[in-house]
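The residues making up each chain are set out below.
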Amino acid sequence: MFEKFDVNCVYQTAPIGFIGAQTVWKGTALVPLRQDIPPPPPAPSPSQDTHFGDGSSSVLTEERRIIQASNNSTAFKSAIKVALIYMVVALLWIFLSDAVVDLIPSTDVRSQIQTFKGSLFVLISGCLILLLTWNSTRKIYAAQKAERQASARLFGVLQSVGDCIWEFDLKERQIILDHRFADLSGYPPHVAMNPEQWRRLLHPSDLKTFDQAVQRCAKGLSMEMDCSVRLHHRSGQWRTLRVRGGVLERDSEGRAILMSGALSDISEITENEHRLSRLVNELTRSETELQRFAFATAHDLRQPLRQMASYSQLANRRLSDLANPQGDPKAHQQAHEDMTSYLGFVSEGAGRMSELLDSILTNFEQRSRSLSLSDVDMLSVVDSVLEKMQDDIASANAEIICEALPMIRADGPNLAVVMEHLLRNALIYRDPSRKLKVVIGAERRLGSWEISLSDNGRGFPPDKAEDLFKAFYRLHAASEIPGTGMGLPMCRQIIEQHGGTLTARGREGQGAIFYIELPDSLERNSPKAQRLDKTG
């Protein structure tokens, strides 16, 4: 099981990135650290402009970095273009204008023209530079606007998706998660942690699956990783997460150095799948039980019907002797006795059938009865049953020992029915050669309570332990020990409605033990308690 621990949070700003097509989204992260785990490197100073008051991410910081890099590249290209154009125009102007001026014979005129040519060259150069600079600046602003729009679209998409973005720096051994991790784990928003901290939050049974998925993706055996893990929420619950991602960057030797992806909360989907699976299994089991119940019902009802039919036919044959009062008086007397006996057997068969039908009706009523869950003191339940059965217990000279019993969230009246039936079975199947002793106790299990009822009665063969809970199954004939064989199946049905189990263990001539395992006291708002409430 897991070590219970409290998490003290140390907050650290750190970049978090999700790289898309030509765009990068980044945010800041805060670090919750266990006291026994060394803290990460100190946080950068606020002057680095890595955290914004809205708590979403440092999108603008990374955006400015990208835009600046793009602007530098565009500005450099534009500068080269302007320089080349200016150089060509200047050279053409110089050589062509000098060739034209040399054709003028007058020195004074040439001097004036040279002065005008220089002034005109300066004016044309200024206009050309102004035109080229304006065109380059317009392209830069257009590129900046496109970058801002792309960043805004990506940020909007990430906000609407609702998944938690993660980034794993394999070189620095740091896992960075965005603010949505707070919804998944209950820890403060913006979390960055090392792999050891992350693994402590995962269910031990899921560690191997997660490690294999990461290794296969990092080694290039699969294009992306996709696995499901259970994350320990700060409230103590387990959340099922779907982890998807891939390698964003590799070194010169092909080793993965940066991975990124998303965490999706699929707890509700997983719970629905489990609930559907349980319903399918329950329907399958109910169908099997119904078939077995129908077969057992037909078999057990046929026996009293055969008895009633047989003795009715015998009685019908003796009617002629009773109808003839002039016949032999002894024969008439014998016929009267036979008729009385036959009618007694018919009445016994009718009573047996009525008892079977009543047990069937009671069983179906119990199956359709809703549960009314509340916090039940099992000790009070047992005390009420013992008070109700005190005459039967006294007549059997039985010793009942009740140890400490827990508080359980359950249906009190239904549990009283179960305990009463188990106690009556102990009284009915007691060993006449020794005093009956019944011990009722409880033992704490992982997430449940196991309530046991043991006796030193007749017991039963170990291989018949499961047959006891089949409809109409009896270890002894009805003439030896009365009963219908429907009590224990009904008890198991009640316990299963509570999400528990009812089993038995025994040895012939050495007594029996019945084990009732019920879930621990449930929180009223927990999913399992709500499911049980809905069944009722």
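The coordinates are above.
Residues numbered from 1 in each chain as written. Predicted model: local features only at pLDDT ≥ 70, side-chain atom pairs only at ≥ 80, totals over all residues. Heavy atoms only, no water.

A. Just the overall build of the protein, in detail. Across its full length, the protein holds 12 helices and 17 strands. Counting only residues that meet the buried cut, the protein has 39% of its 536 residues in that class. For the protein, contacts bridging at least 24 residues in sequence account for 63% of all contacts bridging at least 6. Carbon and sulfur atoms provide 57% of the accessible area of the protein, an area that totals close to 31,000 Å². (Helix = DSSP H or I, 4+ residues; strand = E, 2+ residues; numbered from the N terminus. Buried < 20%, exposed > 50% of the residue type's maximum accessible area, 1.4 Å probe, protein only. Contact = heavy atoms within 4.5 Å. Areas by Shrake-Rupley, 256 points an atom, 1.4 Å probe, with all protein chains shown as cover.)

B. Region of the structure containing helix H11 (residues 487–497). Extensive coverage of H11 is indicated by the burial of 10 of its 11 residues. Listed in full, the buried residues belonging to H11 are Gly-487, Leu-488, Pro-489, Met-490, Cys-491, Arg-492, Gln-493, Ile-494, Ile-495 and Gln-497. One or two positions beyond H11, positive phi appears at Gly-499, with a value near 80 degrees.

C. Fine view of a nonpolar patch on the surface. On the surface, Met-87, Leu-91, Ile-94 and Phe-95 cluster together into a nonpolar patch covering about 400 Å² of accessible area. Relative to the helices and strands, Met-87 is located in helix H1 (residues 59–101). When its relative accessible area of 46% is taken as the criterion, Met-87 is described as partly exposed. (Patch = residues over 30% accessible without salt bridge, like charges linked within 9 Å, V, L, I, M, F, W, Y side chains within 5 Å. Salt bridge = Lys/Arg side-chain N within 4 Å of Asp/Glu carboxyl O.)

D. View of the pattern of salt bridges. Under the criterion given, the structure shown has 20 salt bridges. Lys-470 is paired through a salt bridge with Asp-467; the nearest N and O atoms lie 3.1 Å apart. Take Lys-470: its relative accessible area is 34%, and that puts it in the partly exposed class. Taking the relative accessible area as the measure of exposure, Asp-467 reaches 15% and is therefore buried. Connected through salt bridges with shared partners, the residues Lys-388, Asp-392, Glu-420 and Arg-424 form a single ionic network.

E. The arrangement of the sheet that holds strand S12 (residues 399–402) in detail. Judged by pairing direction, the sheet is mixed, and its 5 strands sit side by side in the order S12-S14-S15-S17-S16 without closing on themselves. Edge positions in the sheet fall to S12 and strand S16 (501–507), since each has one partner strand and no second. Averaged over all neighbouring strand pairs, the angle between strand axes comes to 15 degrees, with direction disregarded. This element, helix H10 (residues 412–428), spans S12, strand S14 (437–445), strand S15 (448–455) and strand S17 (511–519) of the sheet and lies at about 170 degrees to S17. (Pairing = 2+ DSSP bridges. Axes fitted to C-alpha atoms, helices over the stretch in contact; angles between N-to-C directions.)

F. Seen up close, the pairing of S15. Extensive coverage of S15 is indicated by the burial of 7 of its 8 residues. As paired elements, S14 and S15 share 8 bridges and run antiparallel to each other. Paired with Ala-442 across the bridge in S15 is Ile-451. In sequence, S14 turns back onto S15 through a hairpin of 2 residues, with Gly-447 there showing a positive phi of about 75 degrees. Pairing geometry for S15 and S17, over 8 bridges, is antiparallel. Pairing of Glu-450 across the sheet is with Glu-517, part of S17.

G. Inspection of the packing of H10 against H11 at higher detail. Contact geometry for H10 and H11: axes closest at 10 Å, N-to-C directions at 150 degrees. Here H10 and H11 pass one another in a crossing that is left-handed. Every residue of H11 that contacts H10 at Asn-414, Leu-415, Val-417, Val-418, His-421, Leu-422 and Asn-425 is listed here: Gly-487, Leu-488, Met-490, Cys-491, Ile-494 and Ile-495. Among the residues forming the contact of H10 with H11, the class breakdown is 9 nonpolar, 4 polar and no charged. (Left-handed = near helix turned anticlockwise from the far one by under 90°. Nonpolar A, V, L, I, M, F, W, Y, C, P; charged D, E, K, R; others polar.)

H. Structural context of the environment of Leu-427. Relative to the helices and strands, Leu-427 is located in helix H10. Filtering out sequence-adjacent residues up to four positions away, Leu-427 remains in contact with Met-389, Asp-392, Ile-393, Ala-396, Ala-398 and Leu-436.

I. Seen up close, the packing of helix H8 (residues 378–388) against H10. The N-to-C vectors of H8 and H10 enclose an angle of 50 degrees; their axes lie 9 Å apart at closest approach. Between H8 and H10, the interaxial angle falls into the category oblique. As H8 packs across H10, the resulting crossing turns out to be right-handed. Contacts between H8 and H10 involve Met-378, Val-381, Val-382, Val-385, Leu-386 and Lys-388 from the former and Gly-412, Leu-415, Ala-416, Met-419, Glu-420 and Leu-423 from the latter. For the contact of H8 with H10, the per-class residue count stands at 9 nonpolar, 1 polar and 2 charged. (Parallel < 35°, antiparallel > 145°, perpendicular 65-115°, else oblique.)

J. Spatial organisation of unusual backbone geometry. Here the phi dihedral of Arg-173 falls at roughly 55 degrees; this positive angle occurs in a residue that is not glycine. In this structure, Arg-173 sits in the loop between strand S5 (164–169) and strand S6 (174–177). Of note, the phi angle at Asn-397 is positive, near 55 degrees, even though the residue is not glycine.

K. Representation of the nonpolar core. By size, the foremost hydrophobic cluster in this structure holds 42 residues, and its most contacted members are Met-419, Leu-423, Ile-440 and Ile-516. Top contributing element to this core by residue count: H10, with 8 residues. Dropping the residues within four chain positions of it, Ile-440 is found in contact with Val-382, Ile-400, Ile-401, Cys-402, Glu-403, Leu-405, Met-419, Leu-423, Ser-452 and Leu-453. Listed in part, the 27 residues of the second largest apolar core include Trp-198, Leu-241, Ala-256 and Leu-263. (Core = buried A, V, L, I, M, F, W, Y, C linked by side-chain atoms within 4.5 Å.)

L. Layout of the packing of aromatic side chains. Applying the stated criterion to the full structure yields 2 aromatic pairs. When the ring of Phe-181 is compared with that of Trp-198, the centres are 6.3 Å apart and the planes differ by 45 degrees; the resulting orientation is tilted. Taken as a pair, Phe-181 in helix H3 (residues 181–185) and Trp-198 in helix H4 (residues 195–201) lie far apart in primary sequence, 17 residues in all. Each member of the pair Phe-181 and Trp-198 is classed as buried. For the pair Trp-198 and Phe-210, a centre-to-centre distance of 6.0 Å together with 50 degrees between the ring planes defines the contact as tilted. Linking Trp-198 in helix H4 with Phe-210 in helix H5 (residues 207–218), this pair joins segments that are 12 residues apart in sequence. (Phe/Tyr/Trp six-rings, centres within 6.5 Å; stacked < 30°, edge-to-face > 60°.)

Taken by themselves, the reported measurements are silent on function.
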